[in-house]
Number of protein chains: 2
Amino acid sequence: MPRGPKGVTINDVAARAGVSLSTVSRALNGNPTVDPALVARVQQAAAELEYTASPVARSLVLGRTQTVAVVVPDLGNPTFQAILRGLSRAAAADDYHVLVADSAESVDEERALAATTRRRTDGVILCAPRMPQAELDRLVGGLRPVVLVNRSSDDVPAVRADYRSALTDELDLLYALGHRSMVFLSGVARSVANTSRLEAIAAFAASHPDVAIEELPCGVDFDAGAASADAVISSGATAALAFNDLVAMGLLSAVQAAGCRVPDDLSVVGFDDIPFARYTSPPLTTATVPAAQLGAQAWARMRGLLEGEAPRDPLWLRPELVARGTTGPRGPAAGGVAADSGDAETNEFD
Amino acid sequence: MPRGPKGVTINDVAARAGVSLSTVSRALNGNPTVDPALVARVQQAAAELEYTASPVARSLVLGRTQTVAVVVPDLGNPTFQAILRGLSRAAAADDYHVLVADSAESVDEERALAATTRRRTDGVILCAPRMPQAELDRLVGGLRPVVLVNRSSDDVPAVRADYRSALTDELDLLYALGHRSMVFLSGVARSVANTSRLEAIAAFAASHPDVAIEELPCGVDFDAGAASADAVISSGATAALAFNDLVAMGLLSAVQAAGCRVPDDLSVVGFDDIPFARYTSPPLTTATVPAAQLGAQAWARMRGLLEGEAPRDPLWLRPELVARGTTGPRGPAAGGVAADSGDAETNEFD
DNA sequence: CTGTTAGCGCGTTCAA
DNA sequence: TTGAACGCGCTAACAG
């Protein structure tokens, strides 16, 4: 008789098929050393009883849960949503389940969640953009197998968006359009994403002495972008690179409200290619981070680890530049409505 | 010695503390019938060994996993993302984990995933907007405990957004502004969300004989809304209700491009209050579905079930009307640019 | 108050 | 080829 009121166990199947429970186990797991006639009897008995082996019991005996954990800083962030989506579908295709944990942007939570969820899964995919490198290095040791998203650590597989190349692409575009005075609206100061953009800018500036790029501390959302409009206009720059699309859209909206024409007076580029980027007026030039692919590839790496492969080098996915309507040639009235044209003085912030 | 290379077991702790494994179990689980001195010794031994009880083994013996499953049709959909986020955080606050499954909009997958994930969790929160009612009724029987989101079934707790009231609020607003000829851009024909909107419209039309509301089969995304612009304009309606914000934004963009002024020539309302709704030009009037609260409440219901409470009545969360810039009084030139004013003939579709 | 024992449901040796 | 017995790691009865 079934032990629990809800669950039929392997013993019930064994009894109904008139065999021992080990035969049931073997038959149902495709062990070839079983009489085909018995296999059929077992399968029928299992079907009649709607039997399915308990995943928990199997996990205990097999030492694997068919589940991986995904730790993200914020499920409300479209980028992590896309990563989760790509990851979830790829894992499901391999009959794996996904446990999600939202660290609410807290590094402490990230660490704790990674450790906790790891214990009930076969591995963890970690998105920890804010965690200090030393702490990350220490943490991943006890987490293996682990795959990092947009971070790296020794001997740990990672999938990364190549923000730096992407921003360089944007800079190249603006340069080709004749822009020589630009501003960069930066995001969270010490974040990886922001740092890599800054690196791209520094490298670009070094190789293009005729270009002035001013950094304007800004933020990561629409309102931050809108609030930077005055500063952008008065900077005299003819092009603005926003940390992301939200910032770009805020900036776009505010500068247009101030009478500045885009792209005639000011070119604007964003980052991420969020769904609405193509629907602004004019449509936003941006770079698309292949977040869903990032997730799918993160799973591919994790599966490799689970199958015993050696960790490979980090995979860098290069975002694609999407040139739309907010970028144009540096116009005759370059400099915007409220500033004089040409090379404005630049102040550097950190 | 530890059985596996990675895991230290309860036996190791017992040995180190010089007690039996049951004492360790009791001490670590806060069983009061343990000598305080021993508790301290056990805790120290556990700390030194960094011991944590295996969640899988506990799950097997306790019959509960501390995990719930969430099945959604599409992790790419902002509404489900918000639900998941609210749910995840609420569950985490109660030390529960969340297993997510994306059914990729397939009803078959929904059914299969619900059953599969249920076996490795303590219950499932099901978002299955497209599943036929009869199938849903049948499915939930074998899933208990289960909580439904935006669906109902006998004796099953549910949390629902009151689309009907929300749409009625929008209709009331438009009516108060003087609009008497409207169009509704409908979404997926047989979906619950669409049906409830249609019900609201039918009820409103019945109680307001002076109003004509035409249904225009449309779709659920930006492009669908844009593609409906001509039909909306030629309908002669002075106000358009879009199935959701994406549709509204597409419509808004396209009618404006056609020279139609919003809200002077046409009022537009959306649904959902997605993040960008407040940033369109003019800002979109819409109704906000409290998706994150829906998720949090879904967890609250699930927790109730897990604690043995009796299923309560469905919880209806009423979306809030957000009146912004796309709605205005019916103007003197009512009817739009390319149509005559007044009561246009209405064709009804399904 | 503590230790010993019996399962939780399964996969997998070991004999037969 | 099949069945009996063991153990995965833990909690909860049962004795002491």
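Residues numbered from 1 in each chain as written. Chains lettered and ligands numbered in written order. Predicted model: local features only at pLDDT ≥ 70, side-chain atom pairs only at ≥ 80, totals over all residues. Heavy atoms only, no water.

A few points about the overall build of chain A
Per the secondary structure count, chain A includes 13 helices and 12 strands. Against the globule reference of 20 Å for 350 residues, chain A gives a C-alpha radius of gyration of 27 Å, more extended than a compact globule. Its C-alpha atoms give chain A principal-axis dimensions of roughly 90 × 40 × 30 Å. Relative to its full complement of 350 residues, chain A shows a buried share of 51%. Partitioning the intrachain contacts of chain A with sequence separation of at least 6 by distance along the chain shows that 70% fall at a separation of at least 24. For chain A, the exposed surface amounts to about 15100 Å²; the carbon and sulfur share of it is 51%. (Helix = DSSP H or I, 4+ residues; strand = E, 2+ residues; numbered from the N terminus. Rg over C-alpha atoms; globule rule 2.2 N^0.38 Å. Buried < 20%, exposed > 50% of the residue type's maximum accessible area, 1.4 Å probe, protein only. Contact = heavy atoms within 4.5 Å. Areas by Shrake-Rupley, 256 points an atom, 1.4 Å probe, with all protein chains shown as cover.)

As for the packing of helix H5 (residues 78-93) of chain B against helix H13 (residues 291-306) of chain B
Residue and element names in this part refer to chain B. Axis separation between H5 and H13 bottoms out at 6 Å; the angle between their running directions is 40 degrees. Relative to H13, the element H5 lies oblique. The chirality of how H5 crosses H13 is right-handed. Listed contacts from H13 to Thr79, Ala82, Ile83, Arg85, Gly86, Leu87, Ala90 and Ala91 of H5 are Ala291, Ala292, Leu294, Gly295, Ala296 and Trp299. Split by residue class, the contact of H5 with H13 holds 10 nonpolar, three polar and one charged. (Axes fitted to C-alpha atoms, helices over the stretch in contact; angles between N-to-C directions. Parallel < 35°, antiparallel > 145°, perpendicular 65-115°, else oblique. Left-handed = near helix turned anticlockwise from the far one by under 90°. Nonpolar A, V, L, I, M, F, W, Y, C, P; charged D, E, K, R; others polar.)

Remarks on helix H3 (residues 36-49) of chain A
Residue and element names in this part refer to chain A. For H3, built from 14 residues, the straight-helix expectation of 20 Å at 1.5 Å per residue is met to within 8% by its first-to-last C-alpha distance of 20 Å. Among the residues of H3, those classed as buried are Val39, Val42, Ala45 and Ala46. The arc that holds every buried residue of H3, seen down its axis, measures 135 degrees, which confines them to one face. Counted as exposed and oriented over 90 degrees from the buried face of H3: Pro36 and Ala47. Looking at the buried positions of H3, the neighbouring elements they touch are helix H1 (10-17) and helix H2 (21-28). (Expected span 1.5 Å × (residues − 1). Arc of directions from axis to C-beta.)

Examining the sheet that holds strand E2 (residues 97-102) of chain A
Where strands meet in a sheet, backbone hydrogen bonds hold them as pairs that are either parallel or antiparallel. What the 12 strands build is an open sheet, ordered E11(A)-E5(A)-E4(A)-E3(A)-E1(A)-E2(A)-E2(B)-E1(B)-E3(B)-E4(B)-E5(B)-E11(B); its pairing is mixed. Of all strands in the sheet, those with a lone pairing partner are strand E11 (315-317) of chain A together with strand E11 (315-317) of chain B, marking the two edges. In this sheet, adjacent strand axes meet at a mean angle of 20 degrees when their direction is disregarded. Bridge count between strand E1 (residues 67-72) of chain A and strand E3 (residues 124-126) of chain A: three bridges; the pairing is parallel. (Pairing = 2+ DSSP bridges.)

Considering the environment of Ala292 of chain B
All names here are of chain B. Within the fold, Ala292 resides in helix H13. The exposure class of Ala292 is partly exposed, given its relative accessible area of 30%. Measuring from C-alpha to C-alpha, the distance between Ala292 and Ala104 comes to 21 Å, with 188 residues separating the pair along the chain. With residues near it in sequence (within four places) discarded, Ala292 still touches Ala82, Arg85 and Gly86.

Describing the interface of chain B and chain A
Taken together, the contact between chain B and chain A spans 40 residues of the former and 40 residues of the latter. Both faces considered, chain B and chain A share a buried interface measuring about 3500 Å² in area, 64% of it formed by carbon and sulfur atoms. The largest share of the area that chain B buries against chain A comes from Arg119, Arg120 and Phe276 of chain B, three residues that together contribute 19% of it. Across the salt bridge formed by Asp74 of chain B and Arg85 of chain A, the nearest N and O atoms sit 3.5 Å from each other. On inspection of chain B and its partner chain A, the count reaches 14 residue pairs in polar contact (both at pLDDT 80 or more). Among the elements of the structure, helix H4 (55-62), H5, strand E2 (97-102), helix H6 (107-119), helix H10 (222-227) and helix H12 (245-257) of chain B are those that each provide at least two residues to the side of chain B that touches chain A. Along the lines of polarity and charge, the residues of the side of chain B that touches chain A split into 18 nonpolar, 12 polar and 10 charged. Alignment of E2 of chain A against E2 of chain B, held across three bridges, turns out to be antiparallel. If you follow Val100 of chain A over to E2 of chain B, its bridge partner there is Val98 of chain B. (Buried area = accessible area lost by both parts, 1.4 Å probe. Salt bridge = Lys/Arg side-chain N within 4 Å of Asp/Glu carboxyl O. Polar contact = N/O pair within 3.5 Å; in protein donor to acceptor, adjacent residues only side chain to side chain.)

Brief notes about the domain arrangement of chain A
Looking at the assigned domains, one finds that chain A contains domain 1 (10-62), domain 2 (67-159 + 292-315) and domain 3 (163-290). Each of domain 1 of chain A and domain 3 of chain A has a C-alpha centre, and the two are 62 Å apart. (Domains from an automatic or database assignment.)

What about the relation of the copies chain B and chain A?
For the match of chain B to chain A, the screw axis carries a shift of 0.0 Å, the RMSD comes to 0.1 Å, and the turn is 180 degrees. Seen this way, the second copy is the image of the first under a two-fold rotation axis. Relative to the rotation axis, the closest C-alpha in chain B is found at Leu99 of chain B, a distance of 2.1 Å. The residues that chain B uses at the interface reappear at the interface of chain A in 100% of cases, marking a shared surface. (Least-squares fit on C-alpha atoms with pLDDT ≥ 70 in both.)

Let's talk about the sheet that holds strand E7 (residues 212-217) of chain B
Residues and elements named next belong to chain B. Strand order in the open sheet formed by four strands is E7-E6-E8-E9, with parallel pairing between adjacent strands. Unpaired on one side and paired on the other, E7 and strand E9 (267-269) mark the two borders of the sheet. Neighbour-to-neighbour, the strand axes of the sheet open up by a mean angle of 20 degrees, direction not taken into account. Direction of pairing for strand E6 (residues 181-186) relative to strand E8 (residues 239-242): parallel, over a ladder of four bridges. Across the sheet, the residue bridging to Met182 is Ala239, located in E8. Each of E6 and E7 touches helix H9 (residues 192-207); the most contacted strand, E6, lies at about 165 degrees to it.

As for the packing of aromatic side chains
The geometry of two aromatic rings is summed up by the distance between their centres and the angle between their planes. As enumerated under the stated definition, the model contains 11 aromatic pairs over all chains in all. On the basis of an interplanar angle of 70 degrees and a centroid distance of 6.2 Å, the ring pair of Phe276 of chain A and Tyr279 of chain A is categorised as edge-to-face. Assessed through its relative accessible area of 11%, Phe276 of chain A is described here as buried. Ring centres 5.0 Å apart and planes at 50 degrees place the aromatic pair Tyr96 of chain B and Trp299 of chain B in the tilted group. Residue Tyr96 of chain B is found in the loop between H5 and E2, and its partner Trp299 of chain B is found in helix H13; the two are separated by 203 residues along the sequence. Grouped by ring-pair contacts, the aromatic residues Phe222, Phe276 and Tyr279 of chain A together with Phe222, Phe276 and Tyr279 of chain B constitute a single cluster. Lying across the ring of Phe243 of chain B, Arg197 of chain B places its NZ or CZ 4.2 Å from the centre. (Phe/Tyr/Trp six-rings, centres within 6.5 Å; stacked < 30°, edge-to-face > 60°. Lys NZ or Arg CZ within 6 Å of the ring centre and 35° of its normal.)

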